[in-house]
Every structure is written in structure tokens, then in C-alpha cells.
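Topology and contacts: notes
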Amino acid sequence: MNTHDQDHDGELAIPSIIADYQLHPGIPDEMIDADGQIRPGWSALMAAFDKLGPGELGARFERADQYLRDAGVFYRTYEGTESHERAWPLAHVPLLVDEADWARISTGLIERVELLETVVADVYGDNTLVQQGLLPPELIARNDEFLRPLVGIKPTSGHYLHFCAFELGRGPDGAWWVLGDRTQAPSGAGFALENRVATTHALSDIYAEMNVHRLAGFFRDFRDMLFADAKRDGGWVGILTPGQLNETYFEHAYIARYLGLMLLEGEDLLVQDGKVMVRTVAGLMPVSALWRRMDAAFVDPLELRYDSRIGTPGMVEALRHGSISMINALGTGLLETRALAAFMPRLARKLLGAPLLLPEIATWWCGQPAEQQHVIDNFDELMIGPAFATTLPFDDLDGTRLGSTFSPAEKAAMIAAIASNGANFVGQEKVQLSTAPVYVDGKLQPRPITLRVYAARTRDGWSIMPGGFARVGSTLDTSAIAMQRGGQAADVWVLSSQPVEPVSLLPNSGKTLVRSTVGDLPSRAADNLIWLGRYAERCEATLRILRAYHARLGELSNADLPILTHCADFLDTVDVDASEAMPQGLLSSINSAVRSAGQIRDRFSPDGWLALNDLQKTAQRFARRVSSGDDSSHAMTVLLRKLAGFSGLVHENMYRFAGWRFLELGRRLERAIQIARITAWLTSEGAPNGSVEMLLEIGDSVMSHRRRYSVSAGAQSVIDMLILDPLNPRSAIFQLSELRAQIEMLPGGVVDGQLSPAAKAALEIETGLRTADAIDMVPARLDSLASDIVTLSGLIAAAYLV
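Re the layout of surface pockets
Considering only enclosed or pocket space, the second largest pocket measures out at about 770 Å³ in volume. Lining of the second largest pocket is provided by 32 residues; of these, Phe-74, Glu-85, Trp-609, Asn-613 and Lys-617 occupy positions nearest its centre. Going through the elements one at a time, helix H1 (42-71), strand S3 (74-79), strand S4 (82-87), helix H14 (584-598) and helix H15 (606-623) are the ones with two or more residues in the lining of the second largest pocket. Of all the elements, H15 adds the most residues to the lining of the second largest pocket, at 7 residues. Looking at the lining of the second largest pocket, its residues break down into 11 nonpolar, 11 polar and 10 charged.

Quick notes on the packing of aromatic side chains
For the structure on display, the rule yields 22 aromatic pairs. Look at Trp-88 and Phe-191: their rings are 4.0 Å apart centre to centre, the planes differ by 5°, and that puts the pair in the stacked class. Of this pair, Trp-88 sits in the loop between S4 and strand S5 (90-98) while Phe-191 sits in helix H5 (residues 189-209), placing them 103 residues apart in sequence. Of the two residues, Trp-88 and Phe-191, both sit in the buried class.

Structural notes on the sheet that holds strand S16 (residues 401-402)
What links the strands of a sheet is backbone hydrogen bonding, and the strands pair in either a parallel or an antiparallel sense. Across the sheet, 4 strands lie side by side as S14-S17-S15-S16; this open sheet has antiparallel pairing. Across the chains shown, the open sheet's two edge strands, defined by having one partner strand only, are strand S14 (363-365) and S16. Against the sheet, helix H10 (residues 369-377) makes contact with S14, strand S15 (382-386) and strand S17 (425-429), and its axis sits at roughly 120° relative to S14, the strand it touches most. Sheet strands in contact with helix H11 (residues 408-420) are S15, S16 and S17, and its direction is about 115° off that of S17.

Regarding the packing of H10 against H11
When two helices pack together, their arrangement is given by the angle between the helix axes and the distance between those axes. As a packed pair, H10 and H11 sit with axes 10 Å apart at the nearest point and diverge in direction by 175°. The orientation of H10 with respect to H11, classified from their angle, is roughly antiparallel. Along the contact surface, H10 presents Gln-372, Val-375 and Ile-376, while H11 presents Ile-415, Ile-418 and Ala-419. Here the residues of the contact of H10 with H11 sort into 5 nonpolar, 1 polar and no charged.

A closer look at the pairing of strand S22 (residues 488-495)
For a regular strand, side chains alternate in direction, first toward one face of the sheet and then toward the other. Counting buried positions along S22 gives 7 out of 8 residues, so the element sits mostly inside the fold. Bridging between S5 and S22 involves 6 bridges; their strand directions are parallel. Paired with Leu-90 across the strands is Ala-489, a residue of S22. Here strand S21 (residues 469-472) pairs with S22 via 4 bridges, running antiparallel. Bridge pairing in S22 links Phe-469 to Asp-491.

Quick look at unusual backbone geometry
The amide bond that connects Ile-327 to the next residue, Asn-328, takes the cis arrangement and shows omega of -5°. Here Asn-328 is to be found in the loop between strand S13 (325-327) and helix H9 (344-351). Even without being glycine, Asn-127 reaches a positive phi, approximately 65°. Along the chain, Asn-127 turns up in the loop between helix H2 (99-123) and helix H3 (128-131). A relative accessible area of 27% means that Asn-127 is categorised as partly exposed. Positive phi, close to 55°, is recorded for Ser-557, a residue that is not glycine. Considering the arrangement of structural elements, one finds Ser-557 in the loop between helix H12 (523-556) and helix H13 (562-573). By relative accessible area, which is 61% here, Ser-557 ends up exposed.

What about the packing of helix H17 (residues 658-682) against helix H20 (residues 715-724)?
At a closest axis distance of 10 Å, the pairing of H17 and H20 adopts a crossing angle of 165°. By the angle class used here, H17 and H20 are roughly antiparallel. Judged by the sense of rotation from one axis to the other, the crossing of H17 with H20 is left-handed. Contacts from Ile-675, Ala-676 and Thr-679 of H17 reach H20 at Ile-719, Leu-722 and Ile-723.

Examining the pairing of S17
Burial analysis of S17 places 4 of its 5 residues in the buried class, which makes it a mostly covered element. In this structure, S14 lies alongside S17, joined through 3 bridges in antiparallel fashion. Bridging from a neighbouring strand, Trp-364 pairs with Gly-427 of S17. Inspection of the sheet shows S15 paired to S17 by 5 bridges, in the antiparallel sense. Bridge pairing in S17 links Met-383 to Gln-428.

About the criteria used
- Throughout this document, residue positions are counted from 1 along each chain, in the order its sequence is written.
- A pLDDT threshold of at least 70 governs which residues receive local features in this predicted model, and a stricter bar of 80 or more applies before side-chain atom pairs are shown or counted, although totals over entire chains, interfaces and linings include all residues.
- Side-chain measures were taken over the full set of non-hydrogen atoms in the model, leaving aside hydrogen atoms and water.
- In this analysis, the protein atoms alone were mapped onto a 1 Å grid. Cavities are point sets where a 1.4 Å probe fits without being able to get out; pockets are open sets with protein on both sides within 12 Å along at least five of seven lines; lining residues have an atom within 4 Å of a point.
- Grid points are joined across faces, edges and corners, and a volume is the space filled by probe spheres set on the points.
- We count a stretch as a helix when DSSP gives it H or I for four or more residues in a row; a strand needs E for two or more, and each element gets its number in order from the N terminus.
- Residue polarity is assigned by list, with Asp, Glu, Lys and Arg as charged and Ala, Val, Leu, Ile, Met, Phe, Trp, Tyr, Cys and Pro as nonpolar; anything else, Gly included, falls into the polar class.
- In this analysis, rings of Phe, Tyr and Trp, with Trp reduced to its six-membered ring, are considered paired at centre separations within 6.5 Å, and the interplanar angle assigns stacked below 30 degrees, edge-to-face beyond 60, and tilted for intermediate values.
- Exposed residues in this analysis have more than 50% of their type's maximum accessible area, buried residues have under 20%, and partly exposed residues fall in between, with area computed by a 1.4 Å probe over protein chains only.
- When DSSP finds two or more bridges between two strands, those strands count as paired.
- Throughout, a contact is declared for two residues whenever any of their heavy atoms are within 4.5 Å.
- Throughout, an axis means a line fitted to C-alpha atoms (over the contacting stretch in the case of helices), and angles, computed between N-to-C directions, take values from 0 to 180 degrees.
- Note on angle classes: values under 35 degrees are labelled roughly parallel, values over 145 roughly antiparallel, values of 65 to 115 roughly perpendicular, and the remainder oblique.
- For any pair of crossing helices, the crossing counts as left-handed if the nearer helix is rotated counterclockwise from the farther one by less than a right angle, and right-handed if it is rotated clockwise.

Laid out in C-alpha cells, this is it:
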């Protein structure tokens, strides 16, 4: 391999970072050509790396990783029935592809996606391909992805495919080959964006000099197509997600936020009179287009999978009515069937009149006698796998295995299965992928790569994303490319010979300004926002009580003192064990807040998410090492500061729209309930000495009380301060005043001068407090106040969340 470049004096020098870059015999490399020369573009990148030096380069790559951690970029991995969030594994060195090579890829993929559109339209339409013998009927009829209820239903957009992905690999001959089609619910476009952002965080100066094609224009054109289709029907556009437990949920939320789409789950929707409606805080609103990120069979439990808990009954009926555009159309997952690859060359010759520009790996479906015998005869040299299986979001040839790796007993069993039921199996040629450089321990090493490229239908036809992302193996074993098996993802830079024009998602000047309405908040999102606010306030109240408890325990060293046992008894009523330095009940409340926030990632700022996760991680770290008393009291103070940071971010940065109002409602409801209950507890008849002082400390009103009451009036002054003082932001009446104001601002809060039931209830509770005196607020009335606020929360839920 020739790794030499010329320096400024014309003398040859060896770039240190690739001096030890060793190619593998017979395997093509993306950086080094067959003559051992560095390919165009790579030379400039390697020179830039050398100029930075190992220390600076390592620091830059760490900066990219830190960005991904701060942004909360993750995907889920599964081990048995357990799922875990894994940080997005960025391969820091981008894959470079020159513009001419990319043009060939783009032309070939557009040709391929048009062929796939023709095939799927025929399968669910006239079925001529089966009648003409171009497709075996068994390949369709036995396929779980063939959805019979969709036969004869033509998409309202006129197209079945709108957004597709393709797995590509460069073979030994240097040409790109198609390894797989992704038409069901293609994943990864959002991760491709994050790869680009993270990589440019690290290499912004290099990126700016290398004329890299931008990604924003691809997403802008696809978004404009979605909204143009929806505008004709006057409905909304959303992303249909299976929910938070899906392995690529982060991406769903990221794309929804990036493109300004609603993130919807099946329970957010209902079908009424053949139309799809979304439950919002302003009532039912029509939906015109859904970008489906859910497997088709789960979309409608009424006509498809009856056991689906994540779908919307009646969705197929809405498709029959033509009231909803589904992207991609239900049933297009059929095109991902591995055995279909065996018939694509014949379909291309028949329908296109020529072979495909981008060939695919040779495939033999064992449902045909000759092909079955070929697979058995060449078992050791072929990849053997299921005919109808599709792949996981970031898997490659999942479920296939090289025949030579079977044990003699396994081989005999597999050959017997193929011979008896060949239609269930395929044989495919072994994939020999090209390699690309990966940064490992300060050096570059070649690793196998595949390329995932995205195609989107726009108003001007198909557009190919100028990049996508590359999956890079953790070892030389091609099976280690899969993300679930330790693979990494690299940004893909398509290099132009000319400066590239910057692109933005922002609309062109002169276009009509369109604003969303205050009611475009799905009821499920509002519910999670309320509970996020409630859990955050519940955590704060618990932290303040625990801090007061452990501060006294540290000072007095006697957990049996009346004030401490009284405190512990109250905590026990809310499932918090005061004897634990970091109680599990507190950790559960923090975890619940994170779960609620996780359900609304599309409506939650990255900074807020980072602050909340930092709170959770800090609490978990404290749980492993703090002890009761002063140590625990200090830990509670740290957590209170972090919680205050989260609340401050929300208060200062969140747009005052419906989402913020529901978060605020949750905070005010819980704070009012907590202060009423805590005050009743610490002013009860049997409250021990020191209870009033503890109450002021928990209510964060010690200094205010001293200034407000020059001569202490005992418990009554504290009740006046924490329950009836409208100027104290910790008081119950302050919360009720804020609650009433926010409720009246919600859709339907005030109609023609008439208050809604929730607004009336808030006004009634507030009025009762405004006309009360401290002496009236005995523990029984305080408990009743807490119950009335709980009833108010039920009225809010009935009006907006059901």
C-alpha cells in the first residue's frame, strides 16, 4: 500500500495516522484504491487529521461523543425480555463518497424504488405478476407481510411508497450492490442527522473546507410534500410511533421535532365516520397524513393483528374511505421479503426492459426444485436463512448463517428441513464487504462497512439523501456490523468538486405565515406533561422533608425523638422509608418523572431532558454511597439544586403554549396538595415540639416568615404564610390563583363568559381560601382542601385528557 503524500517542499512524507493502516488481501477499501493510492478526498481528510495530531484528534472525537450524550441520543438493545438504552455508537471517521459515485448510486436507487412501487401496486391491485408467472403465488400467499384486507385499496396519494431505505455494500469488483430493501418503516434517517451534527461538532473546520453536500434539503422537500398533501384535506400530519419502548423511539421524537410534525401513538387516534381523528386538548381534530414508524400489522387490531395494543381500530376502514394518507402504505413490508430478491432480476427485465443498474446479491429461493437442489449442493458456500424473515432496524442479514459454520448435525438437520419444506428457506451468496477506516486507540484500522441510503418521494419525484449513514463493524466479521451486535454508525460525506450551497429547513421569504393553534396538543402528551409537573413537585416535597429529617438526625443522633418519628410516620404514608439514606420511594418518583418526560421527547428541550437525566443519575449514584444523617442531608440539598435547575430551564425556556400550561397545571396541583397535607400533619394536635419550625423549613419560607411577622404568632402565622398568603409562591392560595389563570387560558376554559367546570372549581377553592382566616385552617379543613384539589385534577383530566 502506498500511503505517501507530498509535503509543501515536494518531498514524500508518510501521514502518521495511516502509516500502519494495513489492507486485507482481496478486500477493497474505501480509502485506498487497488493500486495502493489514497482516493481523492481521503488525502485531504488524512492530512487534516495529521495536522491536528493524536491528542487534539482524540479530544475532538470525545467532543462528538459528549454532544451525543448531552442530546440523549440512544437506541434500545434487547437481551431476552429485557431492554436497555444504549448510547448511540458513533464511528468518528466519516465515510467519503465522491459526487460521481453518488450520482450512480442515486440513479440506480431511483430505478429500483420505482420497480418496487410497480411490484407492490400489482400485488395489491391486478395481480398480473403472479398470473404471468413472474412471482410465485406461494411467495405472496404464505407471507405474513401480505395483508389481505388491503387488497384493492388504492392509496389516496396515488403511491404506495414514499420513504424507503436501502442497504448497500461494495463488492470485490468495486461496484455497489443492494443487500436489502427497507420499505416497512425505515429507521435511521434521524440518526443520520445526529451523526452529521455530532461529526461536524468535532470536525467543523475540516467539514467546511471539503464541499460536503448538506442533508437539510432532502428533509425539507419531503416535509413540504407531506404538508402539501395534508393541506388539500385540511388535516394534520403526524408520525405514528409504537411508543417509548421501541428501539428507535428517540429517532421518532427527533424527526418529529426537527420537521414540526406531531408524534402520535395509536391511542392518540380514533376513527370516526371513516376519518382519522386525533384526541387533543381542544377536542377531536382531523389527521390527513401519517408517517408510519410502526409495523403495518399492528396498525389496526380490528382488521389486522387482533392482539395489537398499539394500533387504532378502524384504520383500514379509513384507508378505504380515502381519508388518510399512510406513509408508507400498509402492506409494503412485503417488499422486504428476502426470497423476493431471487425474482428481482427477472422482474426488472420484464418491467424495465433492462437489468437493474445496482445489482443485488444472488439469491435462490428453495421453493423451486432446481434452486432448492443448488442450495443443498452448495450449502457450505452459501448464506442460509429464512425466506420470509425481515430484519431488525439496524441488522444486516439477520437470521442468515454461512453454511460452512454449521456443525455436521446442524447441517444435516437444515438440509432435511430445506428438502421437506423448501419454501421457507433461501440461499444467498456470501457477502464480502469493502472496508473503511475506523479510529481505534489512536490509530486507523480497516473494518467492513455497509451503507444505508434513504429515498423520499417529493413533489418533483424521488430524491436521494446525499449521505445517509454507514454501519461499521466492530471486527472483521461482517455479522458484527449489526447495531444490536456492537456495530457503529459513521456519517457519510458526499463530496462535491464545487462549493456547496447552504440549505435550511426554513421556508423561503414571501411565503404565507402559518401559525399552529393553541389546541394542537394530543391529550396523551398533555397527560404526560401534567404528570411530569406533578412528579417533579412530588420529588421536591419529598426531598425537603428528607433533608429536614436527616439534618436533625445528624445533629441529634437519635431517630427515636418525637419530631423524627412523627416525620417518619408521615413519609411512610407516601411510601418513603425515612430509615433509608436515599429512599427507594424518592428514586421511584424521579424515575416516574423521567418516564413521563420520555413519552414526550418531541415536545421537550434537549437541555431539559439532560437536566432531568442528570438528576436521575445523581440520585442513583448517591443511593450507592450516602449514609443517613448529615451525609444524606447534603445529598438532598444537591438533588434540590439539580431539580431547581430543571424547573428553571422549563420556566425560562419553554414556549408558553398549551404544553407549558399543562406542565404548569401539574406543578401547581401537586404543590398545593403537598403543602396542604404537610401543613395539616405538622400542625395537628399531637405534633411534637419543633414541628412549626420544620414546616417553615420544608415550605422554604423561613426568611419570608421572619420578615412578614415581626412577632411570631406560632402555628397560625405559619399557616397564614404557607396557606393563605397570596404573595408567597409556596403558598396554597398562590397555587390556586395560578391554576385558575391557566385553566381559563385553555381551550374551553371560558366560553362566552361562562367558566368551564374545572375553572369554576378552581375559582371556588381559591375564593374559599381568600375569605378564610388562619384560625379557620385546622388540620381537618387542610385535609379537605387537599381532597378538593385532587377533585379539581380529576375535572381537568375529564375535560382534556380522556
